[in-house]
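Residue-level structural notes
If you want the building blocks of each chain, they are given just below.
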Amino acid sequence: MGKKIYKLEKFEEEKFKLFAIHSNIDDYKIAFLLNSKCGSKFVKARGYIDFPNQNAFFNHFEWEEKKKGISCDLFSNKFIKLEDDETKVKELFNLPETKEVYLIRDFKKVDYFIKINSGVSKEFFLKEISKIDEVSLFYEISVEKLSGFSLNFN
């Protein structure tokens, strides 16, 4: 019996569109507003986007409709980490220090991202998201600006 040899000639990187959302509301509220105003169906994902070396995790919502070919992710860009020092916490006026950790450091001012993998056009969100008062700014980010960017959802 002969051996089968498979040759991988071209490997295309994952194609996706990435959008930035500036809003001062909580992540569950932005997901709710996107669902109600835009007709999306984001639900809380089981896992988080985890940065174990920084002891930080980012909330993640997903919208999957396999029959329609829709695959989108909504995730937060900021995580506020409490620096616990037990000696300071026991004192009356000393509060624990906080540190912000960013999922994508090049875009520190962005609160949330929508990653469109397939099935939804950018016009779908652009048209309806302007009706959400709590969103101050929404725009597409050029994927080329994200050097070495990849998301691993846990």
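From a predicted model like this one, the values you see are computed outputs, not experimental measurements. Residue indices follow the written sequence of each chain, beginning from 1 at its first position. Where local features are concerned, this predicted model is filtered to residues with pLDDT of at least 70; where side-chain atom pairs are given and counted, the filter is 80 or more; whole-chain, interface and lining totals use all residues. Here the side-chain values reflect all heavy atoms present in the structure, with hydrogen atoms and water set aside.

**A few points about the environment of Lys-99**
Along the chain, Lys-99 falls in strand E8 (residues 97-102). Distance from Lys-99 to Phe-79, taken between C-alpha atoms, is 8.2 Å for residues 20 residues apart in sequence. A run of DSSP states H or I qualifies as a helix once it reaches four residues; a run of E qualifies as a strand once it reaches two. Both are numbered from the N-terminal end.

**Examining the confidence of the model for the protein**
Across the protein, the average pLDDT comes to 80, with 73% of residues at 70 or higher. Looking at the elements of the protein, mean pLDDT is at its lowest for helix H2 (residues 86-89), recorded as 53, and at its highest for strand E2 (residues 43-44), recorded as 95. For every residue, the pLDDT score states the predictor's confidence, bounded by 0 at the bottom and 100 at the top.

**A short note on the sheet that holds strand E9 (residues 112-118)**
A sheet is described by the order of its strands in space; here six strands give the open sequence E2-E5-E6-E9-E1-E10, paired in antiparallel fashion. In this open sheet, the two strands that pair with only one neighbour each are E2 and strand E10 (135-141). Should DSSP find at least two bridges between two strands, the strands are regarded as paired. Looking at chain direction, strand E1 (residues 17-23) and E9 are connected through five bridges and run antiparallel. The residue bridging Leu-18 from the neighbouring strand is Lys-115, located in E9.

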